[in-house]
Amino acid sequence: MSCQSQPSLLHKYMGIFFSTMSSEELLGSLDSFDAREDDIFLVSYPKSGTHWLAEVIERIPDAGITLTSPIELGDISKFEELKRIPKRRAIPTHLNYEMLPVTVKQKQCKIIYIVRNPKDTAVSMFHYYRDNPNLPSTETWAAFLELFLKGDVVYGSWFDHVLSWEEHKNDKNVLFIFYEEMKKDFVKSLKKITAFLGIDVNDSEMAKIARSTSFSEMKSNAAKENCDPNHVICALTSDRNLVFRKGVVGDWINYFTPKQNRVFDELFTEKMRNSDVGRCLKEYAHSQNA
Ligand code: A3P
């Protein structure tokens, strides 16, 4: 069954598929959200490492930060819920740049954008479509990949999402983090994050954060936890057991046929021809293969 034939799970807003758990009214009212200057936004295209980044932020000691559920999850009462949080808020979202509330842009809130190789993202999302009851089912990898390449998946085209954010990559309130770099040198990425947030973390605390946010640790914690509606990071599920699948770089190789890989590369080259993020992702992919 294709996405379009299960309209109760997804709806289109401004040409992009969203979960019906994001109400149209909320999506249409995002600009009335009252951002605070010290808000932190954790932004990603789905399946790029959102939960990992959120866990890292939560584990920074004495930061005085409260992780909230995604800004686009729920109905219009969301803004009241966020207002009641007294501490500094870290707010996850999968919104593209255009849809980000205007007050977040005006107040130059800090924004961390995590990006991941789109081939691994597509494979991860394929499994999410299959396993997550909040997403339409998908019959085959080939059928899913077609939808992914057309941008006919939840949150739209990976390319459009990344490019909308890349325009702001060098803004002083924006930090780009690569999933592949977090995997290769976690402490390097963590140092970038803490420096960006202006929080001092010593070496032993860094090592502790690295241990507690490792894939195996997070996966086994998810298995022990019950679904906690107050600990929802992605607007597509509150079941953390659906999130921790393999947690590796390069799993795409087990799914793409040579032809699919060629088609993907052609589109990547066309869409990302002027993109520094695209160049970085290609370098990570080459160093992985080397
Ligand atoms: P896979 O499906 O490839 O395993 P998101 O949090 O944006 O939904 O992304 C989920 C992806 O990030 C999944 O990828 C998941 O396994 C991976 N992931 C989650 N926590 C991770 C961690 N601590 N280390 C590495 N990968 C992690």
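This structure is a prediction, so every number in the text was calculated from the model and none was measured. (Residues numbered from 1 in each chain as written. Predicted model: local features only at pLDDT ≥ 70, side-chain atom pairs only at ≥ 80, totals over all residues. Heavy atoms only, no water.)

A. Expanded view of the pattern of salt bridges. Applying the stated rule across the entire model yields 13 salt bridges. Of the charged contacts in the structure, one is a salt bridge between Glu 181 and Lys 192, with a shortest N-O distance of 2.8 Å. Of the two residues, Glu 181 is situated in helix H8 (residues 179-184) and Lys 192 in helix H9 (residues 186-197); the sequence distance between them amounts to 11 residues. The class for Glu 181 is buried, based on a relative accessible area of 9%. (Salt bridge = Lys/Arg side-chain N within 4 Å of Asp/Glu carboxyl O. Helix = DSSP H or I, 4+ residues; strand = E, 2+ residues; numbered from the N terminus. Buried < 20%, exposed > 50% of the residue type's maximum accessible area, 1.4 Å probe, protein only.)

B. The arrangement of the site of the ligand in detail. Every one of the 19 residues lining the ligand counts as a neighbour, but Thr 50, His 51, Ser 124, Tyr 179 and Lys 246 are closest to it. Within the side chain of Lys 47, one N or O atom sits 2.9 Å away from an oxygen atom of the ligand. With respect to the ligand, the side chain of Arg 245 contributes an N or O atom lying 2.8 Å from an oxygen atom. According to the grid-proximity analysis, the pocket containing the ligand is the largest pocket. Breaking the shell around the ligand down by element, the ones donating at least two residues are helix H2 (50-59), H8 and helix H11 (215-224). No other element matches the 3 residues that H2 contributes to the shell around the ligand. Here the shell around the ligand is composed, by residue class, of 6 nonpolar, 8 polar and 5 charged. (Near = heavy atom within 4 Å. Polar contact = N/O pair within 3.5 Å; in protein donor to acceptor, adjacent residues only side chain to side chain. 1 Å grid on protein atoms, 1.4 Å probe; cavity = no way out; pocket = protein on both sides within 12 Å on 5 of 7 lines; lining within 4 Å. Sits in = over half its atoms within 2 Å of the grid points. Nonpolar A, V, L, I, M, F, W, Y, C, P; charged D, E, K, R; others polar.)

C. Examining the side chain of Ser 157 more closely. Considering the arrangement of structural elements, one finds Ser 157 in the loop between helix H6 (141-150) and helix H7 (158-166). Reaching out from Ser 157, the side chain makes a polar contact with the backbone nitrogen of Phe 159 at a distance of 3.1 Å. In this structure the side chain of Ser 157 is engaged in a polar contact, spanning 3.0 Å, whose partner is the backbone nitrogen of Asp 160. With near-sequence residues (within four places) excluded, Ser 157 lies in contact with Tyr 45 and Gly 151. (Contact = heavy atoms within 4.5 Å.)

D. Region of interest: H2. With 8 of 10 residues buried, H2 lies mostly within the body of the structure. Along H2, the residues classified as buried are Thr 50, His 51, Trp 52, Leu 53, Ala 54, Glu 55, Val 56 and Ile 57.

E. Broad picture of the pairing of strand E5 (residues 88-93). Burial analysis of E5 places 6 of its 6 residues in the buried class, which makes it a mostly covered element. Residues Arg 88, Ala 90 and Pro 92 of E5 are buried on one face, and the alternating residues Arg 89, Ile 91 and Thr 93, pointing to the opposite face, are buried as well. Pairing of strand E3 (residues 40-44) with E5, which is carried by 4 bridges, proceeds in the parallel orientation. Bridge pairing in E5 links Ile 40 to Ala 90. The pairing of strand E4 (residues 65-67) with E5 spans 3 bridges and is parallel. Among the inter-strand pairings, Thr 66 is bridged to a residue of E5, identified as Arg 89. (Pairing = 2+ DSSP bridges.)

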